[in-house]
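Examination of the molecular architecture
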Amino acid sequence: MSPNLTTRYLGLTLRNPIVASSSPVTGRLDTLRRLGDAGVGAVVLPSLFEEQIERDEMALHDLSLVGHEISPEISGYFDPFTGVEVGPDGYLRRLQAAKEALDVPVIASLNGHRPGGWTHHAELLENAGADAIELNVYFLAADASESGRDVEDRTVDTVASVCARVSVPVAIKIGPWFSSVPNLVRRFGEVGAKGVVLFNRFYQPDVDLETLTVGPRLVLSTSDEVRLALRWVAILHGRVPIDLAAAAGVHTADDVVKLLLVGADVVTMASALLERGPEHVTDVLTELGAWMHEHDYEQIDDLRGALSQRAAPDPGAFERANYLRALTGYAAAYRPPR
Ligand SMILES: Cc1cc2nc3c(=O)[nH]c(=O)nc-3n(C[C@H](O)[C@H](O)[C@H](O)COP(=O)(O)O)c2cc1C
């Protein structure tokens, strides 16, 4: 009998733990349909950005002022309370289309880092049919006058203001550069979040030596990167009251098995699907099922967390002891190149 891959995430039932994360693959109806056909457990749409919402609202405000001078009808047309062409309507339409096209949960994504009027879009996403909302609080703390505590408080306030607006579950996608990830995740749970996505991947800028300019350079992930999420999922599993989604570097069935073993509720994929196409999901699911069968696991819950820090025979493997062992092991084996 083939293993049962059914999984719970954010209170939703997923047919398996593979989630297609925000990327151009989830931004088109044709690839969304292919993901559904390939067997994906859930999809996260590309983000609607705080900046995008605020820019649109500013533009509408300016237009409505102009409208007042010219014609009251024009003003009415752009009045946010009439609900006509307000803000990023295109996003809501795409969300509705995705809901109609798929029979798996569709998670909408908001991307912002401070409380503000933009958070009311969470409600619009819920009303448009989102099964859950992922809030990506992508932020780089580059201001020397702002303390780590200030950044964390603002992040938690943002999470609280989004969670307060909706009744669908909210998951928070964060970067790894917080001084106490466990404390922050616990605080997310206290203000109503149901899950955390570990982690955002930061696209480091690069210098172009020909043009002498600095710009973005998007490089897709590899499986090597999965170990950052692996460590933190292992540490957090069973210690925080919210679900854990592992992100960044998930490419193969081996990656998926490892992350489930350390305690992930779901795993998310973007780069692998961009590179190999939506049908890669089917291959990973087939290999996941085969691995479970070979190791006598009948359902995902039987293996989830078996190697988390709490369950592992060697909890130090996830902390400083691992660092010391890695360095001393390497140094002992090192032979200089000739
Ligand atoms: C081209 C591209 C677009 C992305 N757009 C978004 C986005 O709109 N919102 C978001 O939260 N993450 C976005 N991501 C990040 C992915 O969802 C994912 O978190 C990241 O790529 C790490 O996972 P991976 O190793 O599976 O690629 C994007 C990634 C790529 C490569």
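The structure under discussion appears in the preceding block.
Residues numbered from 1 in each chain as written. Predicted model: local features only at pLDDT ≥ 70, side-chain atom pairs only at ≥ 80, totals over all residues.

With that out of the way, let us pick up the site of the ligand. As a structural note, the neighbourhood of the ligand is formed by 23 residues, with S22, S47, S221, A270 and S271 the closest of them. Elements supplying a minimum of two residues to the shell around the ligand: β4 (42–49), β5 (106–111) and α10 (271–276). With three residues, the top contributor of residues to the shell around the ligand is α10. The class makeup of the residues in the shell around the ligand is 10 nonpolar, 11 polar and two charged. (Near = placed C-beta within 6 Å. Helix = DSSP H or I, 4+ residues; strand = E, 2+ residues; numbered from the N terminus. Nonpolar A, V, L, I, M, F, W, Y, C, P; charged D, E, K, R; others polar.)

Turning our eyes to something else, we now look at the packing of helix α8 (residues 226–236) against helix α9 (residues 253–262). Running from amino to carboxyl end, α8 crosses α9 at an angle of 20°, the nearest separation of the two axes being 8 Å. When the axis of α8 is compared with that of α9, the two are roughly parallel. Here α8 and α9 pass one another in a crossing that is right-handed. Two secondary-structure elements touch here, α8 through V226, A229, L230, V233 and A234 and α9 through D255, K258, L259 and V262. For the contact of α8 with α9, the per-class residue count stands at seven nonpolar, no polar and two charged. (Axes fitted to C-alpha atoms, helices over the stretch in contact; angles between N-to-C directions. Parallel < 35°, antiparallel > 145°, perpendicular 65-115°, else oblique. Left-handed = near helix turned anticlockwise from the far one by under 90°. Contact = placed C-beta atoms within 7 Å.)

Ranked by internal contacts, the top residues of the largest apolar core, which has 87 residues, are I133, V233 and L259. Considering each element in turn, this core owes the most residues, eight residues, to α8. When sequence neighbours within four positions are dropped, the list of residues in contact with I133 reads I107, A108, L110, A122, L125, V162, V166, V168 and V170. (Core = buried A, V, L, I, M, F, W, Y, C linked by C-beta atoms within 7 Å. Buried ≥ 20, exposed ≤ 12 C-beta atoms within 10 Å, placed from the backbone.)

On to helix α13 (residues 320–333), then. If you check α13, its first and last C-alpha atoms are 20 Å apart, about what 14 residues at 1.5 Å a residue would give, namely 20 Å. The element α13 is largely exposed, with a buried count of zero among its 14 residues. (Expected span 1.5 Å × (residues − 1).)

The eight strands are arranged β3-β4-β5-β6-β7-β8-β11-β12 in a closed barrel whose pairing can be described as parallel. Taking each pair of neighbouring strands and ignoring which way they run, the sheet shows an average axis angle of 30°. Bridge count for β4 against β5 is five bridges, and the pairing is parallel. Bridge pairing in β5 links V43 to V106. (Pairing = 2+ DSSP bridges.)

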